[in-house]
Amino acid sequence: MSDFKERAEALDTADELAPLRELFTLDDTVYLDGNSLGALPRHVPARMQEVLTREWGALRIRSWGESGWWTAPERIGDRIAPLVGAAAGQIVVGDSTSVNVFKAVVAATRLAGEGRDEILVDASTFPTDGYIAGSAARMTGHRVVPVAPSDVPAALGPRTAAVLLNHVDYRTGRLHDLPGLTAAAHEAGALAVWDLCHSAGALPVGLDAHGVDLAVGCTYKYLNGGPGSPAYLYVAERHQEAFDSPLPGWTSHADPFAMTPGYAPADGSVRGRVGTPDILSMLALESALDVWDGVSVEAVRAKSLALTDFFLECVAAYAPEGRVAPVTPVSHAERGSQVSLRCENADGTAEVMRVLIERGVVGDLRRPDVLRFGFTPLYVGFADAERAARILAEVLAA
Ligand SMILES: Cc1ncc(COP(=O)(O)O)c(C=O)c1O
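The structure reproduced in this document is the subject of the present report. (Residues numbered from 1 in each chain as written. Predicted model: local features only at pLDDT ≥ 70, side-chain atom pairs only at ≥ 80, totals over all residues. Heavy atoms only, no water.)

With that out of the way, let us pick up the nonpolar core. Judged by nonpolar contacts, the single largest core of 90 residues is most densely connected at Val84, Leu196, Phe311 and Phe373. Non-local contacts of leucine 196, meaning those with residues more than four positions away in its chain, are made with Val84, His167, Leu178, Val205, Leu207, Ala215, Val216, Gly217 and Tyr232. (Core = buried A, V, L, I, M, F, W, Y, C linked by side-chain atoms within 4.5 Å. Buried < 20%, exposed > 50% of the residue type's maximum accessible area, 1.4 Å probe, protein only. Contact = heavy atoms within 4.5 Å.)

Here you go:
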């Protein structure tokens, strides 16, 4: 046991990202739930105080122009862009991921054109994507075909309009092959739509490099934007002119203040907007993104893999035989930034997590039997990983 503690100390000392932890509001619990809700960056409350008192309180309506509120969705989209490998001008921030899934799926079917009546959807998708794709399919005369991501190449065909996939599976932490599956979709003449909720801010995505067509993601996990912070929509530049939003609200109009009855879409990423942006949440997100200044996603990925490797090693060494088994792939090429452990005793899983939280290790669970531990490299260290594995082992042994 002391061997792992010593290794953790050495790894933390050598870790160039370790000082970033000081940028966050944390306590002495081990916070491994940043894959659900990221921690609060320390400087955000002061910025929000300024937004409330000066921008809203004193300037009021003037802030739409003078404080840059009106252009916030594109400006913040451009801040997220380098984190997901996108050039500027392709990401707009706003609405929830669920709403953006709707925009992206319907728009993809419209871009795909005639004769293609199937939408392939990740069979183990986060539920909202499946529900919304199902409704979008009914509205547009398409058919949803649930497919395991690894079976997508075989399922693609001349009838496929679009494929909707999760980059990292929310339950298992499995990372799917975004470059390969995007290329396979294109070979079949279909569009690739990716949900980046569990990858953005945790690992390189390479949207432009891999030719992704459309993507959506949330900002409250590894981007630390705060509870319910707005999501984003990526529309590759080559599709923007033909992007036909199913929710053409007034703020995506080419001349919104003309208030004309006829809709004429704006150019560029603005076309992905719907209604009035949720400014308070959006500006909290913008402020939270400051922690990324000078931080490379590649360095974050390297630390994430080292952390999850180390945690898996500690669990294997500490946990009583046969009580938990990793469902997260061992291979780095297939691992996101979380470790999911299946409990041998499904009925006791919730109790294990309850006691873990009581003892200062915060993860979460997905019913019936999966314990999830998210590793946010910006503020989680190796000593945290060792402590979490040690306390988990004690709880399992009790
Ligand atoms: C992969 C994935 N997609 C979609 C969502 C839903 O996002 P929202 O509730 O913000 O619409 C989540 C939420 O956790 C998610 O993990």
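The next thing to look at is the site of the ligand. Every residue near the ligand is listed here: Ser96, Thr97, Ser98, Phe126, Thr128, Asp129, Asn166, Asp195, Cys197, His198, Tyr220 and Lys221. A distance of 3.0 Å is found between an oxygen atom of the ligand and a side-chain nitrogen or oxygen belonging to histidine 198. Starting from 390 Å² of accessible surface for the ligand in isolation, the protein chains cover 84%. Elements supplying a minimum of two residues to the shell around the ligand: helix H5 (97-112) and helix H6 (127-140). Partitioning the shell around the ligand into residue classes produces 3 nonpolar, 6 polar and 3 charged. (Near = heavy atom within 4 Å. Polar contact = N/O pair within 3.5 Å; in protein donor to acceptor, adjacent residues only side chain to side chain. Areas by Shrake-Rupley, 256 points an atom, 1.4 Å probe, with all protein chains shown as cover. Helix = DSSP H or I, 4+ residues; strand = E, 2+ residues; numbered from the N terminus. Nonpolar A, V, L, I, M, F, W, Y, C, P; charged D, E, K, R; others polar.)

Let's shift gears to the sheet that holds strand S10 (residues 338-343). Two modes of strand pairing occur in sheets, parallel and antiparallel, and in both the strands are linked by backbone hydrogen bonds. Overall, antiparallel pairing links the 4 strands, which are arranged S9-S10-S13-S12 in an open sheet. Both edges of this open sheet fall to strand S9 (324-326) and strand S12 (364-366), since each of them pairs with a single strand only. Adjacent strand axes in the sheet meet at a mean angle of 35°, parallel and antiparallel pairs treated alike. Each of S9, S10 and strand S13 (370-374) is contacted by helix H11 (residues 297-318), which is oriented at about 25° to S10, the strand it contacts most. (Pairing = 2+ DSSP bridges. Axes fitted to C-alpha atoms, helices over the stretch in contact; angles between N-to-C directions.)

Right, let's talk about unusual backbone geometry for a bit. A cis amide bond links arginine 367 with the next residue in sequence, proline 368, at an omega value of 5°. With respect to the helices and strands, proline 368 occurs in the loop between S12 and S13.

With the rule as written, the count across this model stands at 25 salt bridges. Between arginine 79 and aspartate 290 there is a salt bridge, with the nearest N and O atoms lying 3.0 Å from each other. Of this pair, arginine 79 sits in helix H4 (residues 72-80) while aspartate 290 is found in the loop between helix H10 (279-288) and H11, placing the two residues 211 residues apart along the sequence. The exposure class of arginine 79 is partly exposed, given its relative accessible area of 26%. Salt bridges here are not isolated pairs; linked through shared partners, they connect Arg47, Glu50 and Glu55. (Salt bridge = Lys/Arg side-chain N within 4 Å of Asp/Glu carboxyl O.)

Attention now moves to the pairing of strand S5 (residues 160-166). Within S5, 7 of the 7 residues are buried, leaving the element largely enclosed by the surrounding structure. With 4 bridges connecting them, strand S3 (residues 118-122) and S5 associate as parallel partners. Directly across from leucine 120, in S5, lies its bridge partner valine 163. Where S5 and strand S6 (residues 191-195) come together, 5 bridges link them in parallel fashion. Bridge pairing links leucine 165 to tryptophan 194 in S6. This β-α-β element, S5 to helix H8 (residues 178-187) to S6, shows right-handed connectivity. (Right-handed = clockwise from strand over helix to strand, strands pointing away.)

Function cannot be read off these values alone, since they describe shape.
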